[in-house]
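# Geometric and topological summary
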Amino acid sequence: DHATRAWVNVIHGCNEHCTYCVVPNVRGVEQSRSMEAILGEILELAASGYKEITLLGQNIDAWGRDMLPKRTFAELLHYLNENIPDGTLERIRYVTSHPRYFSDRVIDAVADLDKVCECFHMPFQAGDDEVLRRMRRGYTFDSYMKIIDKIRAKAPDASICGDVIVGFPGETDEAFERTLDVMRAVKFDNLNTFAYSPRPNTEAALWEDQIPEDVKAERLQKVQRLATEHALERSERYVGKKVEVLVEERNPRNVEQVMGRTRQGRQVFFDGDIDELIGCLEEVKITEARPWSLTGELCG
């Protein structure tokens, strides 16, 4: 349905068994697609005029671990970056990382490879170690923050996005405060926020320490307010700067404007003719920041 952006599955299924999630039961065990098959699909999309692809996997860092010999997701990024001809596909994105398996090699690849966008999607789900243990996530507050520190050191201009669940069974007020602590420490560019809801055939749905709906709603409002504050702060760093924007479509609210995204994934609106600019990389000077988008002027 999209003229410039396409999505490519690189790994199906999931071997994790997070206690709130139905995916392993529904989609089965992890099966990585071969590098050659992935590249072939991407080259076909590039030949059709697509300029950006997003690699998809429920746990994308697990790509290659079911192969013989084993491969790593960082190797896949290098392989694609080297084998996609210049002047065809301009950008590579990927979702979703798992903090338990995320590797320094992926940070290096994002920092070093010209087609791979400086954007990390790193769901943390909760800030409290006991809640994370009951979710069966396999990491802690401290190990998550070590990943963030490495990203900031190696790719300081990268965006960091996340997912969070509030009101997981047994989450106390103190445990919820730890979630806010993660948010304040990271200041996510974009945060997907969810109130826990029991899913059929999942362990957590059967637990007796469910959180009342009004408490979940209150906690969700708190994280959404804080996430919006942080998003605005992250947007404001672009004001006065020139950024590279891949033009995607007309602004539906103002037909004189086009919409595109920065390498870090922020939406940018600016005056222009969509018929001339669609699929083009343009330099745009940012003049205004909002939590989830920017406005700018076309340079030159």
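Before going into details, it helps to say that this report is about the structure given with it. (Residues numbered from 1 in each chain as written. Predicted model: local features only at pLDDT ≥ 70, side-chain atom pairs only at ≥ 80, totals over all residues. Heavy atoms only, no water.)

### Some remarks on the pattern of salt bridges
If charged atoms from side chains of opposite charge come close, those side chains can pair. Summed over all chains, the structure comprises 26 salt bridges. For E203, the salt bridge identified is with R136, shortest N-O distance 2.9 Å. Pair noted here: E203 is in the loop between β8 (190–195) and α8 (213–236) and R136 is in the loop between α5 (129–135) and α6 (141–154), with a separation of 67 residues, a long-range link. The residue R237 makes a salt bridge to D189 at a minimum N-O spacing of 3.3 Å. Placement of the pair is R237 in the loop between α8 and β9 (242–251) and D189 in the loop between α7 (173–186) and β8, with a sequence separation of 48 residues. Classification of R237 as buried rests on a relative accessible area of 18%. Among the ionic contacts, a cluster of salt bridges with common partners joins E16, E30, R65 and R100. (Salt bridge = Lys/Arg side-chain N within 4 Å of Asp/Glu carboxyl O. Helix = DSSP H or I, 4+ residues; strand = E, 2+ residues; numbered from the N terminus. Buried < 20%, exposed > 50% of the residue type's maximum accessible area, 1.4 Å probe, protein only.)

### With respect to unusual backbone geometry
Put simply, L68 and P69 share a cis peptide bond, and its omega is -10°. Turning to its location among the elements, P69 is positioned in the loop between β4 (52–56) and α3 (73–83). Of note, the bond from V95 into T96 is cis; its omega dihedral lies within 30 degrees of zero at 5°. With respect to the helices, strands and loops of the structure, T96 is situated in the loop between β5 (91–95) and α4 (104–112). Residues other than glycine seldom take positive phi values, yet R136 does so here, at roughly 65°.

### Brief notes about the sheet that holds β4
Taking strand neighbours across the sheet as the criterion, the three strands line up as β1-β4-β5 in an open arrangement whose pairing is parallel. Either end of the sheet is taken by a strand with one partner, and the two such strands are β1 (5–9) and β5. Geometrically, the sheet is characterised by an average inter-axis angle of 25° between neighbouring strands, direction not taken into account. When β1 meets β4, the two strands line up parallel, connected through five bridges. The residue of β4 that forms the bridge with A6 is I53. Packing against the sheet, helix α2 (residues 35–47) makes contact with β1 and β4, and its axis sits at approximately 165° to β1. (Pairing = 2+ DSSP bridges. Axes fitted to C-alpha atoms, helices over the stretch in contact; angles between N-to-C directions. Contact = heavy atoms within 4.5 Å.)

### Here we look at the packing of α6 against α7
For the pair α6 and α7, interaxial distance at closest approach is 11 Å and the crossing angle is 10°. Classed by the angle they form, the pair α6 and α7 counts as roughly parallel. Here F141, Y144, M145, I148 and R152 of α6 come into contact with α7, specifically with R178, D181, V182, A185 and V186. Of the residues assigned to the contact of α6 with α7, the class counts are seven nonpolar, no polar and three charged. (Parallel < 35°, antiparallel > 145°, perpendicular 65-115°, else oblique. Nonpolar A, V, L, I, M, F, W, Y, C, P; charged D, E, K, R; others polar.)

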